[in-house]
Amino acid sequence: MENYPDIKGYFGEYGGRFVAETLINVLAELEDTYAAFRKDEAMKAELDYLYKFYAGRPTPVYYAKNMSQKYDIEIYLKREDLLHTGAHKLNNCLGQILLTKYMGKKRIIAETGAGQHGVATATVAALMDMDCTVYMGSVDVERQAPNVNRMKLLGTKVVPVEAGSRTLKDAVNAAMQDWVANCVDTHYLIGSVVGPHPFPLIVRDFQRIIGDEARSQMKDDYGIMPDFGIACVGGGSNAAGFFTGFADSDVKLIGIEAGGRSDKPGDHCMTLSNGRPGIFQGMLSYLLDTEEAQVAEVHSVSAGLDYPSVGPEHSNWKDSGRVEYNFCTDKQALDACLELSRSEGIIPALESSHAIGYLINNREKFKKKKVLINLSGRGDKDLGIIFKEAVI
Amino acid sequence: MKSYNGAYLVADYPDRERFISAALKSLEFFDFLEIGIPFSDPVSDGTVIAKAAYDVIESGVKFNDIMKSIDEIKSKIPADRKLYVMTYANHIYHRGIQNFGKIMNDHGISGMIIPDIPFIESRRFTDIFEQQGLEFIYFITPESKPEQIKQIAQSAKGFIYSVSMRGITGSSMNLKADIKTAVADAKTQTKVPVVLGFGIRDVESCKNALETADGFIIGTRMIELLNEDADNSSFNKFVEELKAKF
Ligand SMILES: Cc1ncc(COP(=O)(O)O)c(C=O)c1O
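Worth saying up front: this structure is predicted, and the values here are computed from it rather than measured. (Residues numbered from 1 in each chain as written. Chains lettered and ligands numbered in written order. Predicted model: local features only at pLDDT ≥ 70, side-chain atom pairs only at ≥ 80, totals over all residues. Heavy atoms only, no water.)

Engineer: Pulling in residues and values, what's your account of the overall build of chain B?
Structural biologist: If you tally the helices and strands in chain B, you get 11 helices and nine strands. Each principal axis of the C-alpha distribution contributes one length, and for chain B these read about 45 × 40 × 35 Å. For chain B, the residues scored as buried account for 61% of the 246 residues in total. (Helix = DSSP H or I, 4+ residues; strand = E, 2+ residues; numbered from the N terminus. Buried < 20%, exposed > 50% of the residue type's maximum accessible area, 1.4 Å probe, protein only.)

Engineer: Which residues make up the site of the ligand, and what are the values?
Structural biologist: Residues and elements named next belong to chain A. As a structural note, the neighbourhood of the ligand is formed by 19 residues, with Ser 192, Gly 234, Gly 236, Ser 237 and Ser 376 the closest of them. In this structure, Lys 89 approaches the ligand through a side-chain N or O atom, which is 3.2 Å from an oxygen atom. At 2.7 Å, a side-chain N or O of Ser 376 approaches a nitrogen atom of the ligand. Its free accessible area being 390 Å², the ligand has 97% of it covered by the protein chains. For the shell around the ligand, the class distribution of residues is six nonpolar, 11 polar and two charged. Both domains that furnish three or more residues to the shell around the ligand are identified here as domain 1 (10–50 + 89–204) and domain 2 (56–87 + 207–389). (Near = heavy atom within 4 Å. Polar contact = N/O pair within 3.5 Å; in protein donor to acceptor, adjacent residues only side chain to side chain. Areas by Shrake-Rupley, 256 points an atom, 1.4 Å probe, with all protein chains shown as cover. Nonpolar A, V, L, I, M, F, W, Y, C, P; charged D, E, K, R; others polar. Domains from an automatic or database assignment.)

Engineer: Which residues make up the domain arrangement of chain A, and what values go with them?
Structural biologist: Residue and element names in this part refer to chain A. Domain annotation for chain A reports domain 1 (10–50 + 89–204) and domain 2 (56–87 + 207–389). Taking only C-alpha atoms into account, the centre of domain 1 sits 22 Å from that of domain 2. Each partner contributes to the interface: domain 1 provides 42 residues, whereas domain 2 provides 48 residues. Note on domain 1 versus domain 2: buried area summed over both sides is about 3,400 Å², and carbon and sulfur give 58% of it. (Contact = heavy atoms within 4.5 Å. Buried area = accessible area lost by both parts, 1.4 Å probe.)

Engineer: Lay out the nonpolar core with the relevant residues and their values.
Structural biologist: Ranked by size, the top nonpolar core spans 180 residues in total, and within it B:Met104 and B:Phe159 carry the most contacts. Among the domains, domain 1 (10–50 + 89–204) and domain 2 (56–87 + 207–389) of chain A are the pair contributing at least three residues each to this core. Contact partners of B:Met104, with chain neighbours within four places excluded, come to B:Phe63, B:Met67, B:Val85, B:Ile109, B:Met112 and B:Leu134. (Core = buried A, V, L, I, M, F, W, Y, C linked by side-chain atoms within 4.5 Å.)

Engineer: I'd like to hear about the sheet that holds strand 2 (residues 32–36) of chain B, residue by residue, with values.
Structural biologist: Residues and elements named next belong to chain B. Taken in spatial order, the nine strands make up an open sheet running 5-4-3-2-1-9-8-7-6, and their pairing is parallel. Taken across any chain shown, the strands that pair with only one partner, and hence form the sheet edges, are strand 5 (135–136) and strand 6 (138–140). Alignment of strand 1 (residues 6–10) against strand 2, held across five bridges, turns out to be parallel. Bridge assignment links Tyr 8 to a residue of strand 2, and that residue is Glu 34. On top of the sheet, helix 7 (residues 146–155) reaches strand 6 and strand 7 (160–163); it is set at about 145 degrees to strand 6, its chief contact. (Pairing = 2+ DSSP bridges. Axes fitted to C-alpha atoms, helices over the stretch in contact; angles between N-to-C directions.)

Engineer: An account of the interface of chain B and chain A is requested, with residue identities and associated values reported.
Structural biologist: Listed per partner, the contact involves 35 residues of chain B and 32 residues of chain A. Both sides together, the interface formed by chain B and chain A hides about 2,900 Å², and carbon and sulfur atoms give 53% of it. Run the count over chain B and chain A and you get one salt bridge. Between A:Lys169 and B:Asp41 there is a salt bridge; the shortest N-O distance is 2.8 Å. Along the contact surface separating chain B from chain A lie 21 residue pairs in polar contact (both at pLDDT 80 or more). Breaking the side of chain B that touches chain A down by element, the ones donating at least two residues are helix 4 (89–95) and helix 6 (123–131) of chain B. Ranked by the residues each element gives to the side of chain B that touches chain A, the list is headed by helix 4 of chain B, at six residues. Its residues assigned to classes, the side of chain B that touches chain A shows 16 nonpolar, nine polar and 10 charged. (Salt bridge = Lys/Arg side-chain N within 4 Å of Asp/Glu carboxyl O.)

Engineer: Describe in detail the side chain of A:Thr22, supporting the description with residues and values.
Structural biologist: Considering the arrangement of structural elements, one finds A:Thr22 in helix 1 (residues 21–39). When residues no more than four places from it in sequence are discounted, the contact partners of A:Thr22 are A:Val180, A:Cys183, B:Thr141, B:Glu143 and B:Arg166.

Engineer: Lay out the side chain of A:Arg79 with the relevant residues and their values.
Structural biologist: Residues and elements named next belong to chain A. Note that Arg 79 resides in strand 4 (residues 74–79). Relative accessible area serves as the criterion here: at 12%, Arg 79 is assigned to the buried category. Reaching out from Arg 79, the side chain makes a polar contact with the side chain of Asp 81 at a distance of 2.8 Å. Among residues more than four places away in sequence, those in contact with Arg 79 are Thr 59, Pro 60, Tyr 62, Ile 346 and Leu 375.

Engineer: So, the packing of helix 1 of chain A against helix 4 (residues 89–103) of chain A: which residues are in play, and what are the values?
Structural biologist: All names here are of chain A. Two numbers describe how helix 1 lies on helix 4: the axes approach to 10 Å, and their chain directions differ by 105 degrees. In terms of their interaxial angle, helix 1 and helix 4 are classed as roughly perpendicular. Between helix 1, through Leu 30, Thr 33, Tyr 34, Ala 36 and Phe 37, and helix 4, the contact on the second element is made entirely by Gly 95, Leu 98, Leu 99, Tyr 102 and Met 103. Grouping the constituent residues of the contact of helix 1 with helix 4 by class yields eight nonpolar, two polar and no charged. (Parallel < 35°, antiparallel > 145°, perpendicular 65-115°, else oblique.)

Engineer: Got a sec to walk through a negative patch on the surface? Specific residues and values, please.
Structural biologist: Residues B:Asp202, B:Glu204, B:Glu211 and B:Glu241 make up a contiguous surface patch of negative charge. Along the polypeptide, B:Glu211 turns up in helix 9 (residues 203–212). (Patch = residues over 30% accessible without salt bridge, like charges linked within 9 Å, V, L, I, M, F, W, Y side chains within 5 Å. Lys, Arg positive; Asp, Glu negative; His and termini not counted. Charge placed at Lys NZ, Arg CZ, Asp CG, Glu CD.)

Engineer: For the environment of A:Asn147, give the residues involved together with the corresponding values.
Structural biologist: Residue and element names in this part refer to chain A. Within the secondary structure layout, Asn 147 lies in helix 7 (residues 145–153). Separated by 227 residues in sequence, Asn 147 and Asn 374 place their C-alpha atoms 22 Å apart. Residues within four places of Asn 147 in sequence aside, it is in contact with Ala 114, Gly 115, Gln 116, Val 119 and Lys 381. One polar contact links Asn 147 to Arg 150, side chain to side chain, over a distance of 2.7 Å.

Engineer: I'd like a description of unusual backbone geometry, backed by residues and values.
Structural biologist: Excluding glycine, residues mostly carry a negative phi; peptide bonds, for their part, are mostly trans. Along the chain, A:His197 connects to A:Pro198 via a cis peptide bond; the corresponding omega equals 10 degrees. Mapped onto the elements of the fold, A:Pro198 is located in the loop between strand 8 (186–188) and helix 9 (199–222). The omega torsion of the bond from B:Tyr13 to B:Pro14 falls at -5 degrees, within 30 degrees of zero and hence cis. Of note, B:Asp12 is a non-glycine position whose phi angle comes to about 60 degrees, a positive value. For B:Asp12, the location among the structural elements is in the loop between strand 1 and helix 1 (16–29). When its relative accessible area of 6% is taken as the criterion, B:Asp12 is described as buried.

Engineer: So what's going on with the packing of aromatic side chains? Which residues, and what values?
Structural biologist: The final tally for this structure, using the stated rule, is 34 aromatic pairs over all chains. For the ring pair A:Tyr188 and A:Phe199, a centre distance of 5.9 Å and an interplane angle of 65 degrees mean the geometry is edge-to-face. Taken as a pair, A:Tyr188 in strand 8 and A:Phe199 in helix 9 lie far apart in primary sequence, 11 residues in all. Each member of the pair, A:Tyr188 as well as A:Phe199, carries the same accessibility label: buried. Here A:Phe228 and A:Phe366 contribute two aromatic rings whose centre-to-centre distance is 4.8 Å and whose plane-to-plane angle is 80 degrees, an arrangement assigned as edge-to-face. Here the residue A:Phe228 occupies a position in strand 9 (residues 228–232), and A:Phe366 occupies one in helix 15 (residues 363–366), the gap between them amounting to 138 residues. Relative accessible area serves as the criterion here: at 0%, A:Phe366 is assigned to the buried category. We note B:Arg95 situated over the ring of B:Phe63; from NZ or CZ to the ring centre the distance is 3.8 Å. (Phe/Tyr/Trp six-rings, centres within 6.5 Å; stacked < 30°, edge-to-face > 60°. Lys NZ or Arg CZ within 6 Å of the ring centre and 35° of its normal.)

Right under this line is the structure:
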């Protein structure tokens with residue numbers, strides 16, 4: 001598991017670089033610079049410094065006492081919601097902004113769905129004084145309005161994308177198009193473990209601090225190893241970082257996709273459960289598409305999970321059986337959000353609520369077990385949707 | 001030397017009849033036609049082509065319908081005019097590489113142009129397509145390095161597609177030194193024509209392209225012309241102009 005990707009950028013069967021020829025050398029440069037960056041002690045020290053003093057790492061692992069008692073499950077939460085800007089996305093952004101500086105590039109672009117990655121990117125752009133443009137589907141601009149304003153306040157240009165389904169996948173397309181045209185001076189600060197090699201590798205590496213930290217915290221703070229590790233999966237970055245820390249252990253790992261309204265095509269984002277391998281946005285990975293090979297319309301109440309494909313490493317974990325993939329519906333996630341808010345005083349992001357919702361709805365399976373959940377972000381951004389959808 | 005030029009059209013756009021008529025008209029002048037099979041996420045295409053592709057998908061046109069249009073075109077053109085399919089990798093992957101190649105052969109397609117399969121990912125496709133006698137078209141770009149150009153020039157079948165600038169279809173042409181050098185470099189090392197595409201839209205830019213390359217490809221402009229009226233008259237007029245000038 002540690003040895004993936006191979007030199008061609010594949011995790012088993014999955015991954016690769018399915019992009020325009022123009023980007024091939026840009027990706028090669030990125031790969032080489034990243035290899036040098038990893039070995040650079042000064043860079044490592046600067047990143048550690050930023051993680052600690054700027055972002056607020058380490059984030060704690062909290063034992064959720066009230067919920068644990070209610071369900072007779074030992075529930076631990078890795079609190080990425082407490083990270084600066086409110087989600088795990090900043091781990092990757094701090095790493096990649098240093099990498100951008102290291103490459104000598106001056107401009108960054110990014111896509112965003114929920115707006116969490118957009119905000120994290122806008123934040124590091126402000127910190128490092130870089131020109132920043134974020135692409136966001138116009139549907140998401142509307143449903144995640146607070147984050148659009150945060151990005152603007154931070155000095156980032158937000159470009160609404162009107163193409164296709166006007167959500168996350170279309171924002172990725174728009175960012176890729178910008179990058180093809182401006183690759184000489186621009187870095188594409190991608191927000192998840194998706195896209196062409198080496199992005200799935202880079203993003204996973206910058207996110208694995210979640211899993212590494214959580215593993216030692218479980219040991220140091222609680223003296224145990226969990227039986228299960230659960231994380232939500234959109235593109236798959238919080239899950240990949242979390243799982244990688246436990247890869248060589250016996251911990252059973254479960255990735256939760258968005259079950260949406262139903263399991264009918266167009267109603268969900270269950271890429272790994274219901275999709276098949278395909279080529280999309282630079283990678284060979286599981287994909288939800290139609291009989292005609294068109295990328296399917298997908299749906300989730302949470303914008304950050306509303307994506308028809310998934311990182312190639314997850315596809316490989318699914319096939320190898322190292323990780324089990326399951327789902328949580330819109331309604332279960334909304335209920336879980338409400339329940340965690342009321343029982344522990346923690347308002348989770350709707351993305352993260354999928355992991356909680358899965359646990360609650362499958363509680364018999366976890367009785368008396370130790371379950372560590374990655375709480376990838378906080379829910380402030382979702383208040384509009386929560387009040388619209390949930391009966392409070 | 002006579003130039004070697006291609007036109008790009010989106011299959012069954014604006015509708016089946018006008019597409020077939022435009023295809024036949026363009027092959028009075030052009031040596032080959034690229035037929036775009038619409039994909040939901042056309043990352044290499046600008047808004048004009050992307051919108052046309054979107055409209056075709058929305059109107060319910062299926063892959064098999066497009067193959068029927070191709071049959072009709074094929075039956076009405078001289079044998080020296082070639083048809084290529086331009087689409088994205090997922091269309092091939094999901095039908096199976098072998099099966100896709102067989103379909104192409106069954107419909108008289110000479111080869112494929114796939115903007116999201118770069119040279120380094122092409123082997124799994126070309127190993128099969130070459131056995132099937134199909135041409136897999138490679139790209140060179142302003143970013144290509146001499147050793148990559150050499151490899152591509154030596155492996156190329158059909159023609160080499162040189163992308164005039166860093167960008168997507170529908171951008172304006174801006175022939176800089178980097179791509180001129182790349183094209184010149186490729187020409188000395190290959191047996192096939194090196195053709196320039198992206199941003200070529202009028203007699204002027206065609207002439208510019210021919211100063212550097214063996215031919216040109218016109219795409220976005222063709223779609224724009226079809227959007228100008230309901231009877232292909234602007235389109236036909238443009239083809240006549242090219243016939244007169246080149
Ligand atoms: C809080 C939160 N969790 C999870 C995700 C899903 O992304 P990933 O699967 O890459 O972790 C997002 C995406 O925006 C998010 O904001």
